[in-house]
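# Summary of structural features
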Amino acid sequence: MKPGDKVICINDKIDPEKMEEIRRDFEIWITKDKEYTIREILDNNGIVTGVLLEEVHNFPKFFKLINRFQEPAFAQWRFRKLNYATQPAEELNEVEELVEHGVKEREQVKVK
């Protein structure tokens, strides 16, 4: 995974013993089966890789474990990368035009 990748949340569950901590740290939580875009990946001093999402912004907090202020990140394991093609609209239009052109050429050949 890298910034810009589209991902889907595969696990939004919170362990009951961590519920209070999560509610304190995250104003906005993720939703299972919803698509997101990775904004940034944080290694969190090698403790757990976290991701920040374009669609979710939480206020930075001080985390003792990593000894700094940062936006709370969601654990990378909560997401799966989506692998569908994301071509810009102009590229799609070019492909459509080429396909249409090829169909017209074949039709002309059949008429002759």
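Up top you'll find the structure we're talking about.
Structure report, in brief. (Residues numbered from 1 in each chain as written. Predicted model: local features only at pLDDT ≥ 70, side-chain atom pairs only at ≥ 80, totals over all residues. Heavy atoms only, no water.)

## A few points about the sheet that holds strand S1 (residues 6-9)
Taken together, the 5 strands give an open sheet; going across it, the order is S6-S3-S2-S1-S7, and neighbouring strands pair in antiparallel fashion. Looking along the sheet, the strands with just one partner apiece sit at the ends: strand S6 (74-75) and strand S7 (79-81). Looking at chain direction, strand S2 (residues 35-42) and strand S3 (residues 50-53) are connected through 4 bridges and run antiparallel. Within S3, the position partnered with Ile 41 by the bridge is Val 51. (Pairing = 2+ DSSP bridges. Helix = DSSP H or I, 4+ residues; strand = E, 2+ residues; numbered from the N terminus.)

## What about unusual backbone geometry?
One non-glycine residue, Asp 33, lies in the positive phi region at around 70 degrees. Non-glycine residue Asn 44 carries a positive phi angle of around 50 degrees. Within the secondary structure layout, Asn 44 lies in the loop between S2 and S3. Judged by relative accessible area, Asn 44 falls into the buried class, the value being 9%. (Buried < 20%, exposed > 50% of the residue type's maximum accessible area, 1.4 Å probe, protein only.)

## Thoughts on the pairing of S2
Pairing geometry for S1 and S2, over 3 bridges, is antiparallel. Looking at the pairing, Lys 6 lines up with Thr 37 of S2.

## Focus on the pattern of salt bridges
Under the definition given, this model contains 5 salt bridges. A salt bridge links Asp 5 to Lys 2; its shortest N-O distance comes to 3.0 Å. A residue is classified by how much of its surface remains accessible, and Asp 5, at 8% relative accessible area, is buried. Lys 61 is paired through a salt bridge with Glu 27; the nearest N and O atoms lie 2.8 Å apart. Of this pair, Lys 61 sits in strand S4 (residues 61-63) while Glu 27 sits in the loop between helix H1 (19-25) and S2, and the two are 34 residues apart along the sequence. Residues participating in the shared-partner salt-bridge network are Lys 2, Asp 5 and Lys 81. (Salt bridge = Lys/Arg side-chain N within 4 Å of Asp/Glu carboxyl O.)

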